[in-house]
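Structural features, examined
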Amino acid sequence: MPEVAAFDFDGTLTRRDTLLPYLRRALGWPRFLLAVLQSAPWLAAYACRLISNHRAKARLLRVSLRGRKTAEVVHWTEDFVKNYLPAQFQPEALARLRWHQQRGDWCVMVSASPGIYLHRVGQDLGLHAVLCTELAEEGHALTGSMLTRNCHGPEKVLRLQAWLADSPAVAKPVVLHAYGDSPGDIPLLNLADYAHYQGRPWARKTSGT
């Protein structure tokens, strides 16, 4: 059977979250702090588990990115990928990715971070697919809205299953390896035949949120 390796991004392939550093570098401190202040009630409500991750993130993305030109975003992404991310990758996780690639496994990223920079990362890493949170565009500019649901928790399982179903080159069934670092990765880890959580073998548990 073909083998598929599904990697989370933030905290798994990297040392920490990447969305806030991306927005900070893209917007500059004054505009970034303003966006955080405008999103603070939603972020606080999410921290208290009063609203979903999806709603809090949607607010932050809307106030940060609405109206930003696609060409401007491409420039931000090139700077971020070339000048910030290299120092953020976890060597052990990258080595594991390369191990799967050398074996000829299908390697995909399944992440809640936005596609405006994750697709560029996926190209550099030589991944077969990047399944992530996509942002809507209109008239060569971001609308600030999500085109897809936030790729977090159970949504990661749905996105991976849909990709497998739509990939005729990947024979079924598959042997699935999954790598994650947070409760939002637990549904994906529980789906896998072999899973690692924060670099250690994972035993199936009740899904987190």
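Now for a description of the structure that goes with this document. No experiment lies behind these values; they were computed from the predicted model shown.

Considerations on the overall build of the chain
Helix and strand content of the chain: eight helices and eight strands. Against the globule reference of 17 Å for 209 residues, the chain gives a C-alpha radius of gyration of 17 Å, in line with a compact fold. Projecting the C-alpha coordinates of the chain onto the three principal axes gives extents of approximately 50 × 35 × 30 Å. Per-residue burial over the chain gives 52% buried out of 209 residues. Long-range pairs, those at least 24 residues apart, make up 62% of the contacts in the chain with a sequence separation of at least 6. Surface accessibility of the chain: about 10,500 Å² in total, with carbon and sulfur atoms responsible for 56%. With 25 positive and 18 negative side-chain charges, the chain shows a separation of 6 Å between the mean positions of the two kinds.

Digging into the pattern of salt bridges
In a structure, side chains of opposite charge can pair up when their charged atoms sit close to one another. Under the definition given, this model contains eight salt bridges. Put simply, Asp8 and Lys156 hold a salt bridge, and the shortest N to O gap is 2.9 Å. Residue Asp8 is found in the loop between β1 (3-7) and α1 (19-27), and its partner Lys156 is found in helix α7 (residues 154-165); the two are separated by 148 residues along the sequence. Assigned by exposure class, Asp8 and Lys156 land together as buried. Of the charged contacts in the structure, one is a salt bridge between Arg120 and Glu78, with a shortest N-O distance of 2.6 Å. Taken together, the residues Arg120 in helix α6 (residues 115-125) and Glu78 in helix α4 (residues 70-83) connect sequence positions 42 residues apart.

Calculation notes
Residues numbered from 1 in each chain as written. Predicted model: local features only at pLDDT ≥ 70, side-chain atom pairs only at ≥ 80, totals over all residues. Heavy atoms only, no water. Helix = DSSP H or I, 4+ residues; strand = E, 2+ residues; numbered from the N terminus. Rg over C-alpha atoms; globule rule 2.2 N^0.38 Å. Buried < 20%, exposed > 50% of the residue type's maximum accessible area, 1.4 Å probe, protein only. Contact = heavy atoms within 4.5 Å. Areas by Shrake-Rupley, 256 points an atom, 1.4 Å probe, with all protein chains shown as cover. Lys, Arg positive; Asp, Glu negative; His and termini not counted. Charge placed at Lys NZ, Arg CZ, Asp CG, Glu CD. Salt bridge = Lys/Arg side-chain N within 4 Å of Asp/Glu carboxyl O.

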